[in-house]
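Listed below, chain by chain, are the residues.
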Amino acid sequence: MAERITKTNLKDYIGASAYSDLVFTSDIDIAGVPSLLQSNFGEKDDNDCFLVSLTALINYYTKNKTAEIYVDILRMAWGLEIFLNDNGLDLFDQKNLVNKIGNKNDLNGNTALLPFMTWNKLKGKIEDGTPMILSMFTSDGRGFYKKHSVTVCGYCEVTYKKKKYKFLKVKDNWSIKTSYIDFAKLPLIYACVHFYERI
């Protein structure tokens, strides 16, 4: 099984013998994106990763208490007849929920399939301080994340032996540590991002 990529094991993933062999051409973090854990919300074994990431985004903009935001999102989901199942939420349900909770908090929700969100567009959003939800409807291309949603909180670009690597930094709702997703491995057609703009 694939393992989580973090800053600690990034050199191993890339194949470098020492961390100092890696050249970080860019390394950006969005300050203030909360690290939330699914285990602190909902019921055991709920497929609520999307709801937890959405809670993180709303908290980032409003600074309201995360427990209150999560309950508010659940109520909205039930009102829209959106219910969690073994696969979490589909794209249509995610988009509806992003828009509904966004409107309540004076935020304009946006959804884009990854083929239409190029690496440069993602970088631009991150550099502007816009966290996003990345929903992977199959996997991350490595098999660590399967049908999972995470909160994008940064990116880095790394060069090793003339090869360039692009990573999204994410809060994955399973650990408080920031994890990395290899952008080149993402099956783009089966992933989307959700983000907000202030109204």
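Counting of residues starts from 1 at the beginning of each chain's written sequence and follows it residue by residue. Confidence filtering applies because this is a predicted model: local features only for residues at pLDDT of at least 70, side-chain atom pairs given and counted only at 80 or more, and all residues used for totals across whole chains, interfaces and linings. Just so you know, side-chain values use all the structure's heavy atoms and leave hydrogens and water out.

### Details of the overall build of the chain
Across its full length, the chain holds five helices and seven strands. When its helices and strands are written in sequence order, the chain yields α-β-α-α-α-β-α-β-β-β-β-β. Taken along its principal axes, the extent of the C-alpha atoms in the chain is 55 × 35 × 30 Å. Three labels apply to residues, based on accessible area from a 1.4 Å probe with only protein chains included: buried if under 20% of the type maximum, exposed if over 50%, partly exposed otherwise in between. When burial is assessed residue by residue, the chain has 51% of its 199 residues classed as buried. Only heavy atoms enter the contact rule, under which two residues are in contact if any of them lie within 4.5 Å. Counting only contacts in the chain whose residues sit at least 6 apart along the sequence, the fraction spanning at least 24 positions is 67%. For helices the rule is a DSSP run of H or I covering at least 4 residues; for strands it is a run of E covering at least 2, with both sets numbered from the N terminus onward.

### What about the pairing of strand β7 (residues 191–198)?
Within β7, six of the eight residues are buried, which leaves the element mostly enclosed by the surrounding structure. Of the pairings in the sheet, the one linking strand β2 (residues 107–113) to β7 comprises seven bridges and is antiparallel in character. By the bridge assignment, Leu-113 is partnered in β7 with Cys-192. Looking at chain direction, strand β3 (residues 132–139) and β7 are connected through five bridges and run antiparallel. Residue pairing for β7: Met-132 is matched across the bridge by Phe-195. Following DSSP output, two strands are said to pair if at least two bridges run between them.

### Some remarks on the pairing of strand β6 (residues 179–182)
Both faces of β6 are covered, namely the face carrying Ser-179 and Ile-181 and the face carrying Tyr-180 and Asp-182. Taken together, the four bridges between strand β5 (residues 163–171) and β6 define a ladder with antiparallel strand orientation. Its bridge partner being in β6, Val-170 is matched across the sheet by Ser-179.

### Points about the side chain of Asn-105
Examined against the element boundaries, Asn-105 turns out to sit in the loop between α4 (91–104) and β2. Other than its neighbours up to four places away in sequence, Asn-105 contacts Ile-58, Thr-62 and Asn-64.

### Some remarks on the packing of helix α2 (residues 49–62) against helix α3 (residues 66–79)
Here α2 crosses α3 at 125°, and the two axes come no closer than 9 Å. In terms of axis orientation, α2 runs oblique to α3. For the pair α2 and α3, the sense of crossing is right-handed. Where α2 approaches α3, its residues Leu-51, Val-52, Leu-54, Thr-55, Ile-58, Asn-59 and Thr-62 are matched on the opposing element by Thr-66, Ile-69, Tyr-70, Ile-73 and Leu-74. A class-by-class count of the residues in the contact of α2 with α3 yields eight nonpolar, four polar and no charged. Axes here refer to lines fitted to C-alpha atoms; in helices the fit is confined to the stretch in contact. Angles between the N-to-C directions go from 0 to 180 degrees. Throughout, the term roughly parallel applies to angles under 35 degrees, roughly antiparallel to angles over 145, roughly perpendicular to angles from 65 to 115, and oblique to all others. Helix crossings get a hand from a simple test, with the near helix turned counterclockwise from the far one by less than a right angle marking a left-handed crossing and a clockwise turn marking a right-handed one. Lys, Arg, Asp and Glu make up the charged group, whereas Ala, Val, Leu, Ile, Met, Phe, Trp, Tyr, Cys and Pro make up the nonpolar group; the residues left over, Gly among them, are polar.

### Some points on the packing of aromatic side chains
Aromatic pairing here means that ring centres of Phe, Tyr or Trp (its six-membered ring) are within 6.5 Å. Orientation follows from the plane angle: under 30 degrees is stacked, over 60 is edge-to-face, and everything else is tilted. This structure, assessed with the given rule, holds 12 aromatic pairs. Between Phe-144 and Tyr-145, the aromatic rings sit 4.7 Å apart at their centres with planes inclined by 80°, giving edge-to-face as the arrangement. As far as the burial class goes, Phe-144 and Tyr-145 line up, both buried. Here Phe-167 and Tyr-180 contribute two aromatic rings whose centre-to-centre distance is 6.1 Å and whose plane-to-plane angle is 75°, an arrangement assigned as edge-to-face. Linking Phe-167 in strand β5 with Tyr-180 in strand β6, this pair joins segments that are 13 residues apart in sequence. Of the residues examined, Phe-167 reaches a relative accessible area of 0% and is grouped as buried. One aromatic cluster is present, built from ring pairs that chain together Tyr-13, Tyr-165, Phe-167 and Tyr-180. Should the NZ of a Lys or the CZ of an Arg lie within 6 Å of a ring centre and within 35 degrees of the ring normal, that charge is described as sitting over the ring. In this arrangement the basic side chain of Lys-7 is found over the ring face of Phe-24, its NZ or CZ atom lying 5.7 Å from the centre. For the cation-ring pair, Lys-63 lies above Tyr-60, with the distance from its terminal atom to the ring centre recorded as 5.1 Å.

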